[in-house]
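Fold and contact review
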Amino acid sequence: MTKMTTIKGAPALPLNTILAGDCVEVMNSLPEASVDLIFADPPYNLQLKGELHRPDNSRVDAVDDHWDQFDTFAAYDRFTRDWLAAARRLLKPDGAIWVIGSYHNIFRVGASLQDAGYWILNDVVWRKSNPMPNFRGKRFTNAHETMIWASKSEGAKYTFNYEALKSLNEGVQMRSDWVLPICNGGERLKDAAGDKAHPTQKPMSLLHRVLVASTHPGDVVLDPFFGTGTTGAVAKMLGRDWIGIEREAAYREVAQARIDDIRPFDKGALEVTKSKRAEPRVPFGQLVERGMLRPGEELWSMNGRHRAKVRADGTLIGNDVKGSIHQVGAHLEGAPSCNGWTYWCFRRDGKTVPIDVLRQQIRAEMDDCAT
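Residues numbered from 1 in each chain as written. Predicted model: local features only at pLDDT ≥ 70, side-chain atom pairs only at ≥ 80, totals over all residues. Heavy atoms only, no water.

Before going further, it helps to examine the environment of Leu-316. Relative to the assigned elements, Leu-316 resides in strand 13 (residues 316–318). Assessed through its relative accessible area of 0%, Leu-316 is described here as buried. It is 8.8 Å that separates the C-alpha atoms of Leu-316 and Leu-299, two residues lying 17 residues apart in sequence. Here Leu-316 is in contact with Phe-284, Leu-299, Ala-308, Lys-309, Val-310, Arg-311, Val-321, Lys-322, Gly-323, Ile-325, Val-328 and Trp-344, once residues within four sequence places are set aside. (Helix = DSSP H or I, 4+ residues; strand = E, 2+ residues; numbered from the N terminus. Buried < 20%, exposed > 50% of the residue type's maximum accessible area, 1.4 Å probe, protein only. Contact = heavy atoms within 4.5 Å.)

Here we have 6 strands laid out as an open sheet, ordered 14-13-12-11-15-16, and antiparallel in their pairing. The open sheet terminates on both sides in strands that have one partner only, identified here as strand 14 (321–323) and strand 16 (351–354). Pairs of neighbouring strands in the sheet enclose a mean axial angle of 35°, with direction left out of account. On top of the sheet, helix 10 (residues 325–333) reaches strand 12 (307–310), strand 13, strand 14 and strand 15 (344–348); it is set at about 155° to strand 14, its chief contact. (Pairing = 2+ DSSP bridges. Axes fitted to C-alpha atoms, helices over the stretch in contact; angles between N-to-C directions.)

In this section: the sheet that holds strand 7 (residues 144–151). What links the strands of a sheet is backbone hydrogen bonding, and the strands pair in either a parallel or an antiparallel sense. Taking strand neighbours across the sheet as the criterion, the 8 strands line up as 3-10-9-4-5-7-6-8 in an open arrangement whose pairing is mixed. Of all strands in the sheet, those with a lone pairing partner are strand 3 (17–20) and strand 8 (177–180), marking the two edges. Ignoring strand direction, the axes of neighbouring strands in this sheet form an average angle of 20°. Across the sheet, helix 5 (residues 204–214) touches strand 4 (35–40), strand 5 (91–101), strand 6 (119–128), strand 7, strand 8 and strand 9 (220–223), and the angle it forms with strand 8 is around 140°. Across the sheet, helix 7 (residues 249–260) touches strand 3 and strand 10 (241–246), and the angle it forms with strand 3 is around 175°.

Grouped together as the largest cluster of nonpolar side chains are 35 residues, with contacts concentrated most on Trp-98, Met-147, Trp-178, Leu-206, Val-210 and Leu-211. Of all the elements, helix 5 adds the most residues to this core, at 7 residues. Here Val-210 is in contact with Leu-37, Phe-39, Trp-98, Met-147 and Trp-178, once residues within four sequence places are set aside. In terms of nonpolar packing, the next biggest core, distinct from the first, is built from 32 residues, Met-27, Phe-79, Trp-83 and Tyr-118 among them. (Core = buried A, V, L, I, M, F, W, Y, C linked by side-chain atoms within 4.5 Å.)

Using the criterion set out here, one finds 11 aromatic pairs in the structure. For the pair Tyr-76 and Phe-79, a centre-to-centre distance of 6.1 Å together with 50° between the ring planes defines the contact as tilted. In this pair, Tyr-76 and Phe-79 both sit in helix 2 (residues 73–90), 3 residues apart, roughly one turn of the helix. Taken as a pair, Tyr-76 and Phe-79 share a single burial class, namely buried. Taking the centre distance of 4.8 Å and the plane angle of 90° together, the rings of Tyr-343 and Trp-344 count as edge-to-face. Its relative accessible area of 0% is what places Trp-344 among the buried residues. Here the aromatic cluster, defined as three or more aromatic residues joined through ring pairs, consists of Trp-98, Trp-149, Tyr-158, Phe-160, Tyr-162 and Trp-178. Lying across the ring of Tyr-118, Arg-88 places its NZ or CZ 5.9 Å from the centre. (Phe/Tyr/Trp six-rings, centres within 6.5 Å; stacked < 30°, edge-to-face > 60°. Lys NZ or Arg CZ within 6 Å of the ring centre and 35° of its normal.)

Laid out in structure tokens, this is it:
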């Protein structure tokens with residue numbers, strides 16, 4: 001079902017819809033500053049000269065479609081500047097863009113991004129675990145593509161779900177080289193004749209990581225080169241709104257059928273691990289105000305070596321020092337700093353309980369109020 005969003009003084013935003021036409025014209029018709037994220041898989045301008053064959057002389061189904069053909073580099077650069085300008089107009093101030101490409105085009109696109117005022121945050125290498133071999137044997141096998149992730153401008157805010165990406169990577173910080181397979185097997189869409197529906201269909205795993213990394217549920221994701229709709233399919237699953245732009249009718253038909261068959265995940269499954277800095281701040285004094293800890297109650301260090309008393313104003317006093325839970329902990333340990341939330345605990349019914357448990361109780365209440 002299509003959802004329409006109206007920004008005051010602007011036309012409606014056609015959410016969850018595939019729009020037909022030239023991407024620049026369509027983007028320029030949409031409301032300014034209305035999109036949270038753009039994922040762009042533009043023509044690569046592969047400059048293929050003639051057919052490509054395997055060693056057994058069988059023909060390779062390479063990208064030779066008209067939409068990937070440009071007369072000159074200058075023509076391709078003009079095209080790139082035009083669609084990047086239209087895309088930047090659409091982004092909210094804290095929006096961002098991902099652009100994917102190969103060695104044929106990504107360096108030209110990167111320069112155009114910077115010229116247009118975007119601020120590059122990362123270049124991410126998608127290393128293909130099952131790349132197509134180099135049949136001519138005259139160059140290295142092309143085993144990767146490059147994605148550029150950029151904010152709308154220097155110093156602009158943007159979404160990055162660092163902890164969620166870390167969780168995806170078994171607790172290790174996500175790197176900028178992603179090893180994922182190319183689209184094949186049952187995921188590869190076919191047309192009525194049994195041929196590939198699109199020559200450069202991207203795997204859903206790639207878009208899953210991009211959207212988990214840089215969007216929240218309910219965000220608007222736009223793909224100006226929609227193809228067979230991988231961006232829309234993953235966005236729907238992850239509870240994001242999407243807009244696709246595609247000028248080729250055959251691709252639109254395949255994409256729409258594909259997305260219609262997608263079931264979104266339930267709301268609980270869409271929650272991702274949040275950064276500690278993104279969680280609401282809870283002053284230690286609030287625990288005292290609410291009677292979760294009482295003035296005069298003793299706190300113990302987790303190592304059992306030190307103790308301090310809670311004061312009515314939310315500070316601690318221990319031995320020859322008084323101050324915040326962080327200051328007192330640092331002083332007692334002779335350390336330059338201390339996270340008091342993980343350093344101090346209290347005792348209830350003979351059990352030792354970290355004070356952070358009380359903070360998390362308050363945060364859970366805040367979340368309940370917000371929903």
